[in-house]
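Geometric and topological summary
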Amino acid sequence: MTKVVYQGRSYERLDDESVLRCLLRNGIRAPYSCESGACQACTMRAISGTPPANSQEDLKETQKALGYFKPCVCRPDEDLEVALLDDAHNHKYQMEVVEKRFLNDEILRLRLTCDESFEYRAGQFINIFKDDLIRSYSMASLPVQDDLLELHVKLVPNGVVSHWLCDDVQLGDQLTVTGPMGECFYHEVDSTEGLLAVGTGSGLAPLWGIVRDALIQGYEKPIILCHGAMKPENLYYVEALRQLEETHENFNYFPCVSGLDEDEVPAGMSSGFPNDVAFAQLPSLAKWQVFLCGHPDMVNNTKKQAFLAGASLKNIHADPFVMAPHA
Amino acid sequence: MSQSVYERIGGGAAVDAAVDLFYRKVLADDRINNFFEGTDMEKQAAKQKAFLTMALGGPNNYTGEDMRKGHAHLVERGLNDSHFDAVMEHLGATLKELGVSDDLIGEAAAIAESTRNDVLGK
């Protein structure tokens, strides 16, 4: 009989028992609802072992890549070590600040190292703890290329955590972090026609990682990145992105300025919101993968626009970028 | 027991394809899309999936009371038979687009139709 391993303990599965039933029988409080593979309420993650294909049916490709599966319909032929999705919130890492640099007036780049091994996908996010406050920051670094973990911190007016990171945290200080979390990352899917990334402000962070990840993994279909800000000086990484554009024929970068009259927008930049600039040149998004990050209104509107333009909901990736209520 | 439409068209994966088509039709329809303003698209899609799964005779735990409670705030905003009819229209068109036979579409429509009074709070 095969075993289910959870938090270091092994549980033997009874004949034809699902992974979910096995855990429940052993007193583990796992969430569940329909028990027929439909509702996805019980979705878990396999840490080692391969869940059978039927238990991953109709999950997002990015979820499958993280080892997500539906334990209620999972009867594996091998041992499986599993984690509940909430478990990612429990392990706290200590990360040391090794670089602080302002990319413009409002965005601080932080680079961190971690003593422990910390595995993540470009585009996922971490939570940073400051006393009893928690804030999420997307990672801009690409693990196979960048040794340091990189965050782009937007200085929010009255933002306690962003001001603490900008003003008080010193090189060599340790940050308390949980993660990685989120399903907004590049995952190769054969049948896609292209990749669209739209971001505003520090929402460029995960997209900078995701676009480079796709390129480094040899994605050959068109990749379009539209990054928007009110003024040209609020954009950043413009030169680095233009260089990336020069070295990769299938990559096109559109810096977008929404706060100036059209004739005031500098040459080489587009006038308007980044989602409008994107949709003006892409009449159909059928079979496109779409990545969105930034202001919640922009993300929600663009999600709807992308879906109505033919993108499948499963191919639209956006992690919630929630503004904290002002303290 | 005979197989449900849900099983005959291919279960969860087929319903996923249906959700995209169905939800896109609903969102593009000016007769009804104002009821969906400001809703979380993922959560809404999950509800659409549960609805389609139920209409297709697949696994679900819906009761008439759930339907009533879940739509009461929309009834207050004027949800009526004409809106229900529009949704039924999109359900039929979606299944037709997926190549489901007229017989099976009829079975699904009958199940969906059976929720009308609860949805509209009658």
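Residues numbered from 1 in each chain as written. Chains lettered and ligands numbered in written order. Predicted model: local features only at pLDDT ≥ 70, side-chain atom pairs only at ≥ 80, totals over all residues. Heavy atoms only, no water.

1. Considerations on the nonpolar core
Formally: Take the buried residues of types Ala, Val, Leu, Ile, Met, Phe, Trp, Tyr and Cys, join any two whose side-chain atoms come within 4.5 Å, and each joined set is a nonpolar core. The classification of residues rests on relative accessible area computed with a 1.4 Å probe and restricted to protein chains. Under 20% of the type maximum is buried, over 50% is exposed, and intermediate values are partly exposed. Per the convention used, a helix needs a DSSP run of H or I reaching at least four residues, while a strand needs a run of E reaching at least two, with both numbered from the N terminus. Contacts are assigned to residue pairs that have any heavy atoms within 4.5 Å of one another.
L196, L285, V290 and I316 of chain A together with L52 of chain B are the most contacted members of the largest nonpolar core, which has 57 residues in total. The dominant element in this core, judged by the number of residues it contributes, is helix α2 (residues 11-28) of chain B, at seven residues. Contacts of L285 of chain A, omitting those with residues within four sequence positions, involve L196, F279, V290, A306, A309, G310 and A311 of chain A. The next biggest cluster of nonpolar side chains, apart from the first, holds 31 residues, and it includes C184, L195, Y237 and M269 of chain A.

2. Digging into the interface of chain B and chain A
The line we're drawing: Reported buried area values correspond to the accessible surface (1.4 Å probe) lost by two parts on association, with both partners' losses combined. One speaks of a salt bridge when a side-chain nitrogen belonging to Lys or Arg is within 4 Å of a carboxyl oxygen belonging to Asp or Glu. Polar contact criterion, stated in full: a pair of N or O atoms within 3.5 Å, where within protein one must be able to donate a hydrogen and the other to accept it, and residues adjacent in sequence count only if both atoms are side-chain atoms.
Listed per partner, the contact involves 16 residues of chain B and 16 residues of chain A. Buried surface at the junction of chain B and chain A, summed over both partners, amounts to about 1,400 Å²; 54% is from carbon and sulfur atoms. For the chain B face of the interface with chain A, the top three residues by lost area are D20, R24 and M41 of chain B, together amounting to 37%. The partner of E37 of chain B in a salt bridge is K304 of chain A, with the nearest N and O atoms 3.8 Å apart. If you look at where chain B meets chain A, you find seven residue pairs in polar contact (both at pLDDT 80 or more). Going through the elements one at a time, α2 and α3 (41-55) of chain B are the ones with two or more residues in the side of chain B that touches chain A.

3. Notes on the sheet that holds strand β2 (residues 9-12) of chain A
Residues and elements named next belong to chain A. Heads up, the condition is: One requirement defines pairing of two strands: DSSP has to find at least two bridges between them.
A sheet is described by the order of its strands in space; here five strands give the open sequence β2-β1-β5-β3-β4, paired in mixed fashion. Both edges of this open sheet fall to β2 and β4 (68-69), since each of them pairs with a single strand only. Of the pairings in the sheet, the one linking strand β1 (residues 3-6) to strand β5 (residues 80-84) comprises three bridges and is parallel in character. Across the sheet, V5 pairs through a bridge with E81, a residue of β5.

4. Considering the sheet that holds strand β16 (residues 288-293) of chain A
Hydrogen bonds between backbone groups are what pair the strands of a sheet, and the pairing can be parallel or antiparallel. All names here are of chain A. Pairing is parallel in the open sheet, where six strands are placed in the order β15-β14-β13-β12-β16-β17. In the strand order of this sheet, the two ends are held by β15 (270-271) and β17 (316-318), each with one partner. In this structure, strand β13 (residues 223-229) lies alongside strand β14 (residues 251-257), joined through seven bridges in parallel fashion. When the sheet's bridge partners are listed, G228 is paired in β14 with C256.

5. Observations regarding the domain arrangement of chain A
Residues and elements named next belong to chain A. We count it as follows: By convention here, the domain bounds are inherited from an automatic or database domain assignment.
For chain A, the domain assignment lists domain 1 (3-87), domain 2 (91-181) and domain 3 (194-318). At the junction of the two partners, domain 2 supplies 19 residues and domain 3 supplies 16 residues. Taken over both partners, the interface formed by domain 2 and domain 3 buries close to 1,300 Å², and the fraction arising from carbon and sulfur atoms is 58%. The salt bridge partner of R212 is D146, with a shortest N-O separation of 3.0 Å.

6. Details of the packing of helix α5 (residues 81-97) of chain B against helix α6 (residues 102-113) of chain B
Residues and elements named next belong to chain B. Counted only if it meets this: For helices, the fitted axis covers only the stretch in contact; all axes are lines through C-alpha atoms, and the angles between them, taken along N-to-C directions, range from 0 to 180 degrees. When an angle is under 35 degrees it counts as roughly parallel; over 145 it counts as roughly antiparallel; between 65 and 115 it counts as roughly perpendicular; any other value is oblique. By definition, any crossing whose near helix is turned counterclockwise from its far helix by less than a right angle is left-handed, and any crossing with a clockwise turn is right-handed. Put simply, Ala, Val, Leu, Ile, Met, Phe, Trp, Tyr, Cys and Pro go in the nonpolar bin, Asp, Glu, Lys and Arg in the charged bin, and everything else, Gly too, in the polar bin.
Between α5 and α6, the least distance of the axes is 10 Å, while the angle of their chain directions is 155 degrees. When the interaxial angle is binned, α5 and α6 end up roughly antiparallel. Our pair here, α5 against α6, has a crossing hand that is right-handed. For the pair formed by α5 and α6, the contact residues are F84, M88, L91, G92, L95 and K96 on the first element and D102, I105, A108, A109, A112 and E113 on the second. Partitioning the contact of α5 with α6 into residue classes produces eight nonpolar, one polar and three charged.

7. Regarding the pairing of strand β6 (residues 93-102) of chain A
A regular strand places its side chains so that they alternate between the two faces of the sheet. Residues and elements named next belong to chain A. Examined bridge by bridge, β6 and strand β11 (residues 174-181) share four bridges and lie antiparallel to one another. Directly across from E96, in β11, lies its bridge partner Q174. By the bridge criterion, seven bridges tie β6 to strand β7 (residues 107-114) in an arrangement that is antiparallel. Bridging across to β7, V97 finds its partner in L112.

8. Digging into unusual backbone geometry
Residues and elements named next belong to chain A. Each neighbour pair has its own omega, and for G179 with P180 the value is -5 degrees, a cis peptide bond. Here P180 is to be found in strand β11. A positive phi angle is found at Q7, which is not glycine, with a value near 50 degrees. Secondary-structure assignment places Q7 in the loop between β1 and β2. A positive phi angle is found at N158, which is not glycine, with a value near 65 degrees. Since its relative accessible area comes to 57%, N158 is described here as exposed.

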